[in-house]
Amino acid sequence: MLILSRKNKESIIIDDRIEVKVVEIDGATGTVKLAVKAPKEVSIHRKEVFDAINTANQEAVVKKKSGAGQVPEVAKALKETRAPFGGE
Amino acid sequence: MIQTEKTLTGQLPFFTKGGASTKSKEKQEKAKTQTQSAAKTEEGCGSELNLPFGIIGFKEFKKAEIVFSEEELPFLRLREPGEEGLEFLVMEPYGMIPNYTLEIGDEDLRDLNIESQKDVHLLNIVTVHGDQRSRVTVNLIAPIVINKKTLQAKQVIVSNFHKYTAKYLLHENESTE
């Protein structure tokens, strides 16, 4: 990981097209506010949130072998414990 | 910013056009021919989504079809075309998740060209954990937001993510001990 020091209002440029700028430093809380400028197709997320979603997505992939075979079973259990679903 | 809140009323998927929900066999036959062009091997018909940004951790997941079978409802499957395509179990939150008031940011709405709340459709990714207690969880922080008109979709992290979890427990079996 590249480590750089920046003062308030200073920036770094990534891949010639992404800019990360320090816009506010709150001494009391130790919070740093960053502004990120990047092309639309570049996604930007807080790391902990990204990690949570990425992990959840990875775990959610249906494995071909098991094929989530117990889905009908769970669907049935769910229908029984919830309010009626659907218009039938 | 669009806020969506769904109350505890059941609602069929918007793309069910003559799919597995129809009652009589006759109706089913008719529905089958109507959806022949989008028909897949399972009972339910498919709606094909375009995900220009992929989904988190799977940037190449750009085209997927929604398939379902009666016995699996309310769960649906989101599946990439092809033999080796990735597949996810998904569901609509309506009627299943109480008090799910999510906030979707303007940037995300713009990315999907969504102009009004009624164009929005949501699918949340479900994980079947395959553990002893058969836990099933659903991701409430990052729903797949769909523009009903264009069928463009994106996995969006809701603005009020502090309120929710990526592993909301939907179901687990009682302990037998």
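Just so it is clear, the model here is predicted, and its values are computed rather than measured.

### Remarks on the overall build of chain B
(1) Moving on: For chain B, the count of helices and strands is two helices and eleven strands.
(2) Moving on: Helices and strands in chain B line up, N terminus first, as β-α-β-β-β-β-β-α-β-β-β-β-β.
(3) Moving on: Taking all 177 residues of chain B together, the buried fraction comes to 53%.
(4) Moving on: Taking the contacts inside chain B whose residues are at least 6 apart along the sequence as the reference set, 60% of them involve residues at least 24 apart.
(5) Moving on: Carbon together with sulfur atoms contributes 46% to the accessible area of chain B, which is approximately 8800 Å² in total.

### Considering the layout of surface pockets
To find the voids left in a structure, one rolls a probe of water-molecule size over its atoms.
(1) Moving on: Of the voids in this model, the largest pocket is the one considered here, and its volume is about 970 Å³.
(2) Moving on: Lining the largest pocket are 31 residues, and of these Ser43, Ile44 and His45 of chain A together with Asp108 and Lys154 of chain B lie nearest its centre.
(3) Moving on: Only helix H1 (47-60) of chain A together with helix H2 (106-111) and strand S10 (152-155) of chain B provide two or more residues apiece to the lining of the largest pocket.
(4) Moving on: In terms of residues, the lining of the largest pocket owes the most to one element, H2 of chain B, which gives four residues.
(5) Moving on: Its boundaries defined by the atoms lining it, the second largest pocket holds a volume of some 360 Å³.

### Points about the packing of aromatic side chains
Residue and element names in this part refer to chain B.
(1) Moving on: Enumeration according to the criterion identifies three aromatic pairs over all chains in this entry.
(2) Moving on: Centre to centre, the rings of Phe58 and Phe88 are 5.7 Å apart; their planes meet at 75°, and the pair counts as edge-to-face. In this pair, Phe58 sits in the loop between strand S2 (47-50) and strand S3 (63-67) while Phe88 sits in strand S5 (residues 87-91), placing the two residues 30 residues apart along the sequence. Both residues of the pair, Phe58 and Phe88, belong to the buried class.

### Observations concerning the nonpolar core
(1) Moving on: Formed by 36 residues in total, the largest nonpolar core has its most connected members in Phe75, Met91, Ile97, Ile141, Val145, Ile157 and Leu170 of chain B.
(2) Moving on: For this core, the elements supplying multiple residues, two or more each, are H1 and helix H2 (71-81) of chain A together with S5, strand S6 (101-104), strand S7 (120-128) and strand S8 (136-138) of chain B.
(3) Moving on: Top contributing element to this core by residue count: H2 of chain A, with four residues.
(4) Moving on: Residues within four places of Ile97 of chain B in sequence aside, it is in contact with Met91, Val138, Leu140, Tyr168 and Leu170 of chain B.
(5) Moving on: Of all hydrophobic cores here, the second largest spans 20 residues; its members include Val61 of chain A together with Leu76, Val90 and Ile125 of chain B.

### Thoughts on a nonpolar patch on the surface
All names here are of chain A.
(1) Moving on: A contiguous nonpolar surface patch, about 420 Å² in accessible area, is contributed by Ile25, Val32, Leu34, Val36 and Ile44.
(2) Moving on: No other element matches strand S3 (residues 31-37), which puts three residues into the nonpolar patch.
(3) Moving on: Turning to its location among the elements, Leu34 is positioned in strand S3.

### Observations regarding the interface of chain B and chain A
(1) Moving on: Between chain B and chain A, the residue contacts involve 47 residues of the former and 34 residues of the latter.
(2) Moving on: Taken together, both faces of the contact between chain B and chain A bury some 3500 Å²; the carbon and sulfur share is 64%.
(3) Moving on: Seen at the junction of chain B and chain A, the total is two salt bridges.
(4) Moving on: Salt-bridge contacts for Asp111 of chain B lead to Lys40 of chain A; the nearest nitrogen and oxygen are separated by 3.9 Å.
(5) Moving on: Joining chain B to chain A, the criterion identifies four residue pairs in polar contact (both at pLDDT 80 or more).

Thresholds, definitions, all that
- Residues numbered from 1 in each chain as written.
- Chains lettered and ligands numbered in written order.
- Predicted model: local features only at pLDDT ≥ 70, side-chain atom pairs only at ≥ 80, totals over all residues.
- Heavy atoms only, no water.
- Helix = DSSP H or I, 4+ residues; strand = E, 2+ residues; numbered from the N terminus.
- Buried < 20%, exposed > 50% of the residue type's maximum accessible area, 1.4 Å probe, protein only.
- Contact = heavy atoms within 4.5 Å.
- Areas by Shrake-Rupley, 256 points an atom, 1.4 Å probe, with all protein chains shown as cover.
- 1 Å grid on protein atoms, 1.4 Å probe; cavity = no way out; pocket = protein on both sides within 12 Å on 5 of 7 lines; lining within 4 Å.
- Points joined across faces, edges and corners; volume = space filled by probe spheres on them.
- Phe/Tyr/Trp six-rings, centres within 6.5 Å; stacked < 30°, edge-to-face > 60°.
- Core = buried A, V, L, I, M, F, W, Y, C linked by side-chain atoms within 4.5 Å.
- Patch = residues over 30% accessible without salt bridge, like charges linked within 9 Å, V, L, I, M, F, W, Y side chains within 5 Å.
- Salt bridge = Lys/Arg side-chain N within 4 Å of Asp/Glu carboxyl O.
- Buried area = accessible area lost by both parts, 1.4 Å probe.
- Polar contact = N/O pair within 3.5 Å; in protein donor to acceptor, adjacent residues only side chain to side chain.

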